[in-house]
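Architecture and fold: a report
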Number of protein chains: 2
Amino acid sequence: MDLKPTKPLSGFIELLPVQQRCFDECANRIQKVLKTAGFSHLGLPAIERAEVLTDKDNWDEITTQMYLFQKGDTKMGLRYDGTVGLARYVAGHKNDIVFPFRAYQFARNYRAERRQRGRFREFYQIDLDILGQNDLSINYDAEIVAVLSNAYKSLEKYIGPATVKVGYRKFWNAMFEMCGLNPEQSRAAFILIDKKDKLDDFAAVLSDEIGVENSNVINQVFTNGYKSFVNQNDKLDLAISELDDFVESLDAMGIKNVEIDMGIMRGHAYYTGIVFEFFLEQHPDLGAVGGGGRYDDLASKFSNTKIVGVGAAMGFSRLMVTLLQDDKIDLAEFETPIDAAVLIMGEGAKNYAVSVLSKLRNENIAAVPYLDTNKKFKNQIEFADKINTKFSVIIGEDEVNNKTVSLKNMSTGNQETLSIDAMIKTILGK
Amino acid sequence: MDLKPTKPLSGFIELLPVQQRCFDECANRIQKVLKTAGFSHLGLPAIERAEVLTDKDNWDEITTQMYLFQKGDTKMGLRYDGTVGLARYVAGHKNDIVFPFRAYQFARNYRAERRQRGRFREFYQIDLDILGQNDLSINYDAEIVAVLSNAYKSLEKYIGPATVKVGYRKFWNAMFEMCGLNPEQSRAAFILIDKKDKLDDFAAVLSDEIGVENSNVINQVFTNGYKSFVNQNDKLDLAISELDDFVESLDAMGIKNVEIDMGIMRGHAYYTGIVFEFFLEQHPDLGAVGGGGRYDDLASKFSNTKIVGVGAAMGFSRLMVTLLQDDKIDLAEFETPIDAAVLIMGEGAKNYAVSVLSKLRNENIAAVPYLDTNKKFKNQIEFADKINTKFSVIIGEDEVNNKTVSLKNMSTGNQETLSIDAMIKTILGK
């Protein structure tokens, strides 16, 4: 019989235990930051109705990157981001929750994308949002950037420092209005500014769309800075002062790694105010590792109640798995998850040995027994070596009779006979 | 425009934040037990190749409970349990991992089952396994029952005590051999014993299959106990002494809630030794909330290396979500995740207030600001009430000028003006 394949499908992630431990540690750190900032965890389904995931009427014709399927008469699919489920949930529970509502998701999402570095077909994304009914103070914009900044900071030991670049849609709206751009011109300008760094001659391309004079004005934002447009008109002044206030708030919260970069647009049409993207100083090749912004309509497809908010998403698998696969994270601390291997010299020592094992675990000492008690000491200590245990607890006839253990420190090689209490203290480093 | 549905698909789980906190706390407690027992977390893909999930050649005809779909030429589906992914992973990584290999999964699985209480189409299951290459000492059987028992014990506060019932396939094999049953009779007897409690007249039905004399012998196991068959032949004696040793080991590990029940069979054909099921004393209506056993062939479809093991699965959603939805868990401790609401009396106090917010969070105090600073005190304190915060930190002009805060204990109503350090100490209960 042919054997089945042992590799996962292309684009799906498989980590070794040591990598998984790092992944989990980082996930825990971020979630701790989010909980300390009062965000509720939402564990939403990965499968949604097709009509929830898409606006297309003709489901059969959808040739997107979604995983769609049918069971009985029900068309459904795997979620491709956290927003659609959040919108459905908040619309359905708007009377059960307190606004401003702060929620996060740490969830797998699915996109049948073409395979490329850092893109996975199944990936964890962390979504965090603060939502208001009808309105939400602009002050929350700085808070969410601060929270996400602290989330990255909690991983600094592994991924190095992060910086955040912030753009402001309202500033551009005021600029475009001042320039007298029509809607199509504004749209074209938005798209070009978003692609600015990828264009050889931004000014020239922009001139083609909005005229050379307007192009020159807009280019001044990048050459002279957005603050050079102060005292032009009320709308621009308001946008500039809101941005100043935003930066001051972040400063008051101790967030220093902030750069205003009017080139940050975020593609999504639904952003209406602040937009931001996070980058890693030591890993610029990863590009933006997270981002978000302010939006004015989360859930109008699900509810007549207007839900507005500010939110962010962190590409957690994109970040972590890429760095892990490229060996860019020092995994030393994750190599030794086992504190004690319990080695048992003969079946007669087993019951005493497993009672010692229980006592170790009751003290939150990670302990693994080698229960093939007939194996020679050599084989057992080899096992202890291979699992990188910090200590080996060796139990034979003498230890059973004296109610002791032989404790071997696996890094120094020192071995001593100890009472159970003394063993526990030694392992705990007390 | 018609609004889209806000309810999840039938059979899919949606929890409120307070329920989710309980769910997450229980998941964390169990995973801590598993890590302390040296189990590695495996985060395997939810999507596998169809050929990995199923043995059927004709994929189109599969009318099982699986979610199957196709992208391009690739047929794939959502995993329905943890075993198939584990088998694939271990076969693929057998040279990267150390045997005996202990691994757990805490993962979503998918089954398009008919809807009934406690059955979900997307559900979390915890799988734990200890695997050996070619062989694995029988001593690990008691250890895995002890670990799972401790996992349930870690939830005792929420779900009450659990007991485990243990059967032994090897005992029955020896019994059937002694009775001279042929393979079909043995198979029939296995199935009837498995269904024993659901049959009106077990003895009569069993007689029909294997004769009245054999039926009487087998019934003695349930009336006189399995130990009454000691000294009949070597195979039975070995099985009985192995079972005695198993119980003694568990006792040495402090696991007392164990009952040998030869009626426990577990349907799966692949179990070959110990089989066990866990039940909740306070929730017998849930039936078995977890179980497992010893198996001799995990991965022969993926590898020519023989992988044997002992494993267990815990129906985590089945357990937790059913109890949560039936209001069977006291959620009081999960009602107050917020330690401090920061209320801000006017925009002028904002930057000082958010600096206080940061200091709170730096001390791991869960803090939520109310950032619509123009709202009246009444509105702000209402918000603090609604989110069940333990304290409110109120900041206005005086507090800004004096670098203090007004701290209101929300349960006593007491309010006092404090320095920031004193506020932190009070909230932390120091």
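Reference entry: report on the structure contained in this document.

Description of the pattern of salt bridges
Residues and elements named next belong to chain A. The final tally for this structure, using the stated rule, is 40 salt bridges over all chains. Its salt-bridge partner being arginine 108, residue glutamate 122 comes within 3.5 Å of it at the nearest N-O pair. Of the two residues, glutamate 122 is situated in strand β6 (residues 122-133) and arginine 108 in strand β5 (residues 101-110); the sequence distance between them amounts to 14 residues. Given the relative accessible area of 13%, arginine 108 is considered buried. Aspartate 251 serves as the salt-bridge partner of lysine 256, at 3.0 Å between the closest nitrogen and oxygen. Note on lysine 256: relative accessible area 58%, which makes it exposed. Its relative accessible area of 43% is what places aspartate 251 among the partly exposed residues.

Observations regarding the relation of the copies chain B and chain A
Overlay of chain B on chain A (RMSD 0.0 Å): rotation 180 degrees, translation along the axis 0.0 Å. Here the copies are linked by what is in effect a two-fold axis. No C-alpha of chain B lies nearer the rotation axis than that of phenylalanine 69 of chain B, which sits 3.0 Å from it. Same-surface contact between copies: 100% of interface residues of chain B are shared with the interface of chain A.

Here's the deal with the pairing of strand β7 (residues 162-168) of chain A
Residue and element names in this part refer to chain A. Burial of β7 is extensive: five of the seven residues sit out of reach of the surface. Note that β7 and strand β9 (residues 271-280) share seven bridges and pair antiparallel. Bridge pairing links alanine 162 to leucine 280 in β9. Note: β7 against strand β8 (residues 258-260), three bridges, orientation parallel. The partner of valine 164 across the bridge, within β8, is valine 258.

Cut-off values and rules
- Residues numbered from 1 in each chain as written.
- Chains lettered and ligands numbered in written order.
- Predicted model: local features only at pLDDT ≥ 70, side-chain atom pairs only at ≥ 80, totals over all residues.
- Heavy atoms only, no water.
- Salt bridge = Lys/Arg side-chain N within 4 Å of Asp/Glu carboxyl O.
- Helix = DSSP H or I, 4+ residues; strand = E, 2+ residues; numbered from the N terminus.
- Buried < 20%, exposed > 50% of the residue type's maximum accessible area, 1.4 Å probe, protein only.
- Least-squares fit on C-alpha atoms with pLDDT ≥ 70 in both.
- Contact = heavy atoms within 4.5 Å.
- Pairing = 2+ DSSP bridges.

Limitation: the analysis is restricted to geometry and does not speak to function.
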